[in-house]
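Observations on the model geometry
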Amino acid sequence: MILGLETSCDETAAALITRDGAIVANVVSSQADLHARYGGVVPEVAARRHLELVTPVIREALGEAKAELGDVELVGVTTGPGLIGALLVGVAAAKAIAWARRLPLAAVDHLHGHVASLYLEPDPLEPPFLCLLASGGHTMLLDVQDRGSKPHVLGTTIDDAAGEAFDKGARLLGLGYPGGARIDRLARDGDPGAFDFPVARVPGLDFSFSGVKTALLYAVRDKSDAWLEAAHADLAASYQRAIVRALVERTQQAAEQIGASRVAVVGGVAANSELRASLPDAALAPLALCTDNAAMIASAARYVEPVSYPGYLGLDAYASTA
Ligand code: KG4
Ligand code: ZN
């Protein structure tokens, strides 16, 4: 079995999967409530919480799998990109377990992990495909040719990530953190045509989401509480529609450009119901595997050259990809 660990942001996660990609245990402990009062993730608070949670979460995953550390043959861990203090907790835990058991260790890139959420059972996807990766930290169009090598980046955001736009929008609407799922829920009761929130069209296959957030800001500022309350759902629906349209348009454009026959969507924003409904032919990561989890990290670990004992002791984490 492969043990996966993920601590790059505010989810402490451990999972066990088989070599074939069957999920045996998948435990995610979200710190969202802890950070809600600050309106976003506080890196140092996240790191300290990971430290408290990482061992219990690993224990829980082993318990769920009715397994012991002796059943683990490979440890895969997110080494970046993410919050550096948070990452270091997972990396240190992974090193300790691998070292104690003389196991190999696979350093997994978080974005590779999101893509590898598509390679898990029961419905694994085979490359090549065009992948829209939309999360709180990234928005990318990737040309995925095989499961192991780094995909070609066709487009990326020049400012905010799509998930970040959802989170900032939710904050402006007073929905709290994390916002994507809350906007998604509220939008169901609203009219997406009520407000016109244009998304900037940048050249090529890149995205820009900072303008749409500013448009929402202008729409809500100086308004009375009563007005806001009445317009709440319409604002959420219109805002969501703008972001989803931009994602779908660019994805379709990229698919045409590279002649992709398959399109896949991964990352936290892939959980959005309107986005899922707008791409009915796309391969969508299962809901539980859209937001950060360790099953996807264990999945990616299968396609990474593992570092053998004890070479990984000097392994470092990285905050961003250069
Ligand atoms: O992949 P993820 O868990 O973490 C990162 O790697 O960033 O993505 C988290 C992001 C957050 O911005 C959250 O608001 C967004 O995914 N998200 C959603 C939904 N569920 C989570 N955005 C829109 N609709 C959702 N249902
Ligand atoms: Zn993520």
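Just so it is clear, the model here is predicted, and its values are computed rather than measured.

A few words now on the pattern of salt bridges. Opposite charge on two side chains lets them pair, provided their charged atoms get close. As enumerated under the stated definition, the model contains 10 salt bridges in all. Close ionic contact of Asp 160 with Lys 168 constitutes a salt bridge, the shortest N to O distance being 3.4 Å. By relative accessible area, which is 30% here, Lys 168 ends up partly exposed. Note that Glu 249 and Arg 201 form a salt bridge whose closest N and O atoms lie 2.7 Å from each other. Taken as a pair, Glu 249 in helix 8 (residues 225-258) and Arg 201 in the loop between helix 6 (180-187) and helix 7 (210-220) lie far apart in primary sequence, 48 residues in all. In this structure, a network of salt bridges that share partners links the residues Asp 160, Glu 164, Lys 168 and Lys 213.

Strand order in the open sheet formed by five strands is 3-2-1-4-5, with mixed pairing between adjacent strands. The sheet is open, and its two edges are formed by strand 3 (23-30) and strand 5 (105-109), each paired on a single side. With strand direction ignored, the average angle separating the axes of adjacent strands in the sheet is 15°. Pairing analysis gives seven bridges linking strand 2 (residues 11-17) to strand 3, with the strands arranged antiparallel.

This part takes up the domain arrangement of the protein chain. With domains assigned, the protein chain is organised as domain 1 (2-118 + 291-314) and domain 2 (127-261). For domain 1 versus domain 2, the separation of C-alpha centres amounts to 28 Å. Across the boundary between the two partners, domain 1 contributes 15 residues, which contact 13 residues of domain 2. Of the roughly 1100 Å² buried at the junction of domain 1 and domain 2 (both faces included), carbon and sulfur atoms supply 69%. Looking at the side of domain 1 facing domain 2, the largest losses of area belong to Leu 111, Val 115 and Tyr 303, adding up to 42% of the total buried there. Remark: the boundary between domain 1 and domain 2 carries zero salt bridges. At the junction of domain 1 with domain 2, the criterion picks out three residue pairs in polar contact (both at pLDDT 80 or more). Taken together, the elements giving at least two residues each to the side of domain 1 that touches domain 2 come down to helix 1 (32-36) and helix 4 (110-116).

Our next topic: the coordination of the zinc ion (ligand 2). At this site the zinc ion (ligand 2) is bound by His 110 (NE2), His 114 (NE2) and Asp 292 (OD), with donor distances of 2.0 to 2.1 Å. Coordination geometry of the zinc ion (ligand 2): the four donor atoms subtend angles of 97 to 133° at the metal centre, consistent with an arrangement described as tetrahedral. Spacing between the donor residues of the zinc ion (ligand 2) along their common chain follows H-x3-H-x177-D. Here His 110 and its partner His 114 are both found in helix 4, four residues apart, which amounts to about one turn of the helix.

Turning our attention to the packing of helix 6 against helix 8. Relative orientation of the contacting elements helix 6 and helix 8 amounts to 115°, with a least axis distance of 8 Å. In terms of their interaxial angle, helix 6 and helix 8 are classed as roughly perpendicular. Between helix 6 and helix 8 lies a crossing whose hand is left-handed. Contact residues: helix 6 offers Ile 183, Asp 184, Leu 186 and Ala 187, while helix 8 offers His 232, Ala 233, Ala 236, Ala 237, Tyr 239 and Gln 240. Here the residues of the contact of helix 6 with helix 8 are counted per class, giving seven nonpolar, two polar and one charged.

A few words now on the nonpolar core. Core analysis: the largest hydrophobic core is formed by 79 residues, its most contacted members being Leu 118, Phe 129, Phe 197, Phe 209, Ile 243 and Leu 247. Per-element accounting of this core gives the leading share, 14 residues, to helix 8. For this core, the domains that each give at least three residues are domain 1 (2-118 + 291-314) and domain 2 (127-261). Excluding its chain neighbours within four sequence positions, the residues that come into contact with Phe 197 are Val 212, Ala 215, Leu 216, Ala 219, Leu 235, Ser 238, Tyr 239 and Ala 242. With 29 residues, the next largest nonpolar core counts Val 27, Ile 58, Val 89 and Tyr 312 among its residues.

Reading guide: rules and limits
What you see as residue numbers is a count from 1 along each chain, following the sequence as written. Key to labels: chains lettered from A, ligands numbered from 1, both in the order written. Local features in a predicted model are, by the rule used here, given only for residues with pLDDT of at least 70; side-chain atom pairs are given and counted only at 80 or more, and totals for whole chains, interfaces and linings are based on all residues. The basis for every side-chain value is the complete set of heavy atoms in the structure, and neither hydrogens nor water enter the calculation. Whenever Lys or Arg places a side-chain nitrogen within 4 Å of a carboxyl oxygen from Asp or Glu, that contact is recorded as a salt bridge. Exposure is judged per residue with a 1.4 Å probe applied to protein chains only, and the accessible area is read against the type maximum: over 50% gives exposed, under 20% gives buried, and values in between give partly exposed. Helix and strand assignments come from DSSP, with helices taken as H or I runs of at least 4 residues and strands as E runs of at least 2, each series counted from the N terminus. DSSP-based pairing: two strands are paired if at least 2 bridges between them are found. Helix axes are fitted to C-alpha atoms over the stretch in contact, other axes to C-alpha atoms as well, and angles between N-to-C directions run from 0 to 180 degrees. Domain borders in the structure are assigned automatically or taken from a domain database. Any two residues whose heavy atoms approach within 4.5 Å at even a single point are treated as in contact. Reported buried area values correspond to the accessible surface (1.4 Å probe) lost by two parts on association, with both partners' losses combined. Each polar contact in these results corresponds to two N or O atoms within 3.5 Å; when the atoms are within protein, one needs to be able to donate a hydrogen and the other to accept it, and residues that are neighboring in sequence are counted only if both atoms are side-chain atoms. Coordinating donors are taken to be N, O and S atoms lying within 2.8 Å of the metal, or within 3.2 Å when the metal is Na, K or Ca; because water is excluded from the atom set, some sites may appear incomplete. Any site counts as irregular unless it has four donors with all angles between 85 and 135 degrees, making it tetrahedral, or four or six donors with opposite ones more than 155 degrees apart and the rest between 65 and 115, making it square planar or octahedral. Just so you know how the angles are binned, under 35 degrees is roughly parallel, over 145 roughly antiparallel, 65 to 115 roughly perpendicular, and the rest oblique. Left-handed describes a crossing whose near helix is turned anticlockwise from the far helix through less than a right angle; right-handed describes the clockwise counterpart. Under the scheme applied here, ten amino acids are nonpolar (Ala, Val, Leu, Ile, Met, Phe, Trp, Tyr, Cys and Pro), four are charged (Asp, Glu, Lys and Arg), and all others, including Gly, are polar. We call a set of buried Ala, Val, Leu, Ile, Met, Phe, Trp, Tyr and Cys residues a nonpolar core when their side-chain atoms join them within 4.5 Å.

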